[in-house]
Amino acid sequence: MSSETWGAVDEYVQGMLAPPDEALNAAVAASAEAGLPPIQVSPPQGKMLYLLARSIGAKSILEFGTLGGYSTIWLARALPEGGRLITLEADARYAEVARVNLERAGVGDAVDLRVGPALESLPALDEKGAGPFDLVFIDADKVHTPDYFAWSLDHCRPAALIVADNVVRDGRLVDRDCEDPAIVAQRTFHEMLAGEPRVEATTIQTVGVKGYDGFTLARVIG
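Residues numbered from 1 in each chain as written. Predicted model: local features only at pLDDT ≥ 70, side-chain atom pairs only at ≥ 80, totals over all residues. Heavy atoms only, no water.

Caption draft 1: Highlighting the overall build of the chain. Looking only at helices and strands, the chain has 8 helices and 7 strands in total. The C-alpha atoms of the chain give a radius of gyration of 17 Å, which matches the 17 Å a tight globule of 222 residues would have. Based on the C-alpha atoms only, the size of the chain along its principal axes is roughly 50 × 45 × 30 Å. Looking at the 222 residues of the chain, the share that counts as buried comes to 50%. If you take every contact in the chain between residues at least 6 apart in sequence, the share linking residues at least 24 apart comes to 70%. (Helix = DSSP H or I, 4+ residues; strand = E, 2+ residues; numbered from the N terminus. Rg over C-alpha atoms; globule rule 2.2 N^0.38 Å. Buried < 20%, exposed > 50% of the residue type's maximum accessible area, 1.4 Å probe, protein only. Contact = heavy atoms within 4.5 Å.)

The structure is reproduced here in structure tokens:
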């Protein structure tokens, strides 16, 4: 199997089950035009996030890593009336692109976009009494995935879902000789999950237009 095949299957699935609409297309195009890295989730992955949020009736969502707002749009569309999504973006330029994309998609009123390093934004969320969250999507700088998970776990309701993206890293997750901080962080994250009695979790390897990677799905059990 090749990356060309993976991409072709993603295109087929997208065409059948997750056809992009005008707002999503515009978000991708605007992000590219602004020079943002093309690292947003794929359309099938965006649809998966939407379905996960809908399946648990998520009313309060937290997202680490907004980029151009593509995944944010998917998640915001899953919210019921009155639902709220907080998304954290470190880069002010990315956030400005995302704001325009979110407004164009008609979900701006449901989204609280906060600019600055996530670890610096979290104390303000504590002061505001944000949460408990029904769903958390971790897709920011990979070095701090364990930190984002630890904070999220303390601010999620029982039965909430925590989804972390890009955890397999082309299979380097199992390369013990790799000292890349992002890889080490994903191993630390899995060690935390294995020893944490408050969650049940699994990691799924994925292939597609985004290459070879994977995501972790953790359910809070108390």
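Caption draft 2: Layout of the nonpolar core. Counting 31 residues, the largest nonpolar core has Ile61, Leu75 and Leu135 as its most contacted members. Only helix H2 (22–33), helix H3 (43–55), helix H4 (70–78), helix H5 (92–105), strand S3 (111–115), strand S4 (133–138) and strand S5 (156–165) provide two or more residues apiece to this core. Counting residues per element, this core draws most heavily on H4, which supplies 6 residues. If we skip the residues at most four places from it in the chain, Ile61 touches Ala53, Leu75, Leu79, Arg84, Leu85, Ile86, Phe133 and Leu135. Core analysis: the second largest hydrophobic core is formed by 27 residues, Ile86, Leu88, Val167 and Leu193 among them. (Core = buried A, V, L, I, M, F, W, Y, C linked by side-chain atoms within 4.5 Å.)

Caption draft 3: View of the pairing of strand S2 (residues 84–89). Burial within S2 is extensive, with 5 of its 6 residues counted as buried. Two elements, strand S1 (residues 60–64) and S2, share 5 bridges in a ladder whose sense is parallel. Across the sheet, residue Ser60 finds its bridge partner in S2, namely Arg84. Chirality of the crossover, the property in question, places the unit of S1, H4 and S2 among those that are right-handed. The pairing of S2 with S3 spans 5 bridges and is parallel. Looking at the pairing, Glu89 lines up with Val115 of S3. The β-α-β motif built from S2, the intervening H5 and the parallel element S3 has right-handed crossover chirality. (Pairing = 2+ DSSP bridges. Right-handed = clockwise from strand over helix to strand, strands pointing away.)

Caption draft 4: Here's a closer look at the sheet that holds S1. Read across the sheet, 7 strands follow the order S3-S2-S1-S4-S5-S7-S6 without closing on themselves; strand pairing throughout is mixed. What marks the edges here is a single partner per strand, and that holds for S3 and strand S6 (199–208). Sheet twist, expressed as the average angle between the axes of neighbouring strands with direction ignored, equals 15°. Against the sheet, helix H8 (residues 181–195) touches S5, S6 and strand S7 (211–220), its axis set at about 30° to S7. (Axes fitted to C-alpha atoms, helices over the stretch in contact; angles between N-to-C directions.)

Caption draft 5: Structural context of the pattern of salt bridges. Applying the stated rule across the entire model yields 10 salt bridges. Between Asp112 and Arg114 there is a salt bridge whose closest N-O contact spans 3.1 Å. You'll find Asp112 and Arg114 in the same group, each marked buried. Of the charged contacts in the structure, one is a salt bridge between Lys128 and Asp112, with a shortest N-O distance of 3.5 Å. Residue Lys128 is found in helix H6 (residues 118–128), and its partner Asp112 is found in strand S3; the two are separated by 16 residues along the sequence. According to the relative accessible area criterion, Lys128 is exposed, its value standing at 54%. Note on Asp112: relative accessible area 14%, which makes it buried. One network of salt bridges, with partners in common, ties together Asp112, Arg114 and Lys128. (Salt bridge = Lys/Arg side-chain N within 4 Å of Asp/Glu carboxyl O.)

Caption draft 6: Structural context of the packing of helix H7 (residues 145–153) against H8. Running from N to C, H7 and H8 cross one another at 30°; their axes reach a closest spacing of 8 Å. Our classification of the angle between H7 and H8 gives roughly parallel. Touching Thr145, Pro146, Phe149 and Ala150 of H7 are Ala185, Gln186, Thr188, Phe189, Met192 and Leu193, all from H8. Of the residues contributing to the contact of H7 with H8, the split by class is 7 nonpolar, 3 polar and no charged. (Parallel < 35°, antiparallel > 145°, perpendicular 65-115°, else oblique. Nonpolar A, V, L, I, M, F, W, Y, C, P; charged D, E, K, R; others polar.)

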